[in-house]
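Here's the letter readout for the chains.
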Amino acid sequence: MTPTETLRAAATLLREMAEAATPGPWETYDRGIGWGVIYNGVTVDGDHYAKEVVDSEFGAKGDCRLIATLGPTFAGLVADWLDGEASVQDGMEPMTQIFSAAFKAASGGTLGEV
């Protein structure tokens with residue numbers, strides 16, 4: 001896989017994961033026995049609701065804050081950035097190797113060889 005192909009594959013994977021997730025923005029909340037991540041939404045009728053996105057009986061606040069921050073909106077922005085870099089330059093070999101390894105691990109190895 002060329003560096004450009006790797007960046008585009010990573011962007012595609014991020015977009016697919018973001019589209020499959022509950023839409024953002026997400027936020028954290030204290031469940032009393034651990035932390036969770038919720039999406040606060042508004043129904044078509046204007047009613048407010050909260051949907052639990054991540055729940056852990058003993059969830060750590062730091063973990064939940066990171067998950068909420070790196071939700072679908074941020075994933076889409078990173079995917080756009082990766083596509084932009086792929087279009088601008090093909091010579092990012094060191095950076096591409098870092099992203100290739102990270103996204104290959106995150107995708108269970110679906111991005112091909114690093």
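The shown structure was predicted, so the numbers you read here are calculated from the model rather than taken from an experiment.

**Quick look at the packing of helix α1 (residues 3–20) against helix α3 (residues 72–88)**
Phase 1: Running from amino to carboxyl end, α1 crosses α3 at an angle of 160°, the nearest separation of the two axes being 8 Å. Taken as axis vectors, α1 and α3 run roughly antiparallel relative to one another. Viewed along their axes, α1 and α3 form a crossing whose handedness is left-handed. Counted together, Thr4, Leu7, Arg8, Ala10, Ala11, Leu14, Arg15 and Ala18 of α1 and Pro72, Ala75, Val78, Ala79, Asp80, Leu82, Asp83, Glu85, Ala86 and Ser87 of α3 form the full contact between these two elements.
Phase 2: Partitioning the contact of α1 with α3 into residue classes produces eleven nonpolar, two polar and five charged.

**Some words on the confidence of the model for the protein chain**
Phase 1: Scored by pLDDT, the protein chain has a mean of 74; 67% of the residues are at 70 or more.
Phase 2: The least confident element of the protein chain, judged by mean pLDDT, is helix α4 (residues 93–106) at 66; the most confident is α1 at 86.

**Comments concerning the nonpolar core**
Phase 1: Membership of the largest hydrophobic core is limited to eleven residues, which are Leu7, Ala10, Ala11, Leu13, Leu14, Ala18, Ala75, Ala79, Leu82, Ala86 and Phe103.
Phase 2: Counting residues per element, the ones that place at least two in this core are α1 and α3.
Phase 3: Looking at which element gives the most residues to this core, the answer is α1, with six residues.
Phase 4: The residues touching alanine 11, leaving out its near neighbours within four places in the chain, are Ala79, Leu82 and Asp83.
Phase 5: Among the nonpolar cores identified, the runner-up in size contains six residues, and Trp26, Tyr39, Cys64 and Ala68 belong to it.

Conventions adopted
- Residues numbered from 1 in each chain as written.
- Predicted model: local features only at pLDDT ≥ 70, side-chain atom pairs only at ≥ 80, totals over all residues.
- Heavy atoms only, no water.
- Axes fitted to C-alpha atoms, helices over the stretch in contact; angles between N-to-C directions.
- Helix = DSSP H or I, 4+ residues; strand = E, 2+ residues; numbered from the N terminus.
- Parallel < 35°, antiparallel > 145°, perpendicular 65-115°, else oblique.
- Left-handed = near helix turned anticlockwise from the far one by under 90°.
- Contact = heavy atoms within 4.5 Å.
- Nonpolar A, V, L, I, M, F, W, Y, C, P; charged D, E, K, R; others polar.
- pLDDT = per-residue confidence, 0-100.
- Core = buried A, V, L, I, M, F, W, Y, C linked by side-chain atoms within 4.5 Å.
- Buried < 20%, exposed > 50% of the residue type's maximum accessible area, 1.4 Å probe, protein only.

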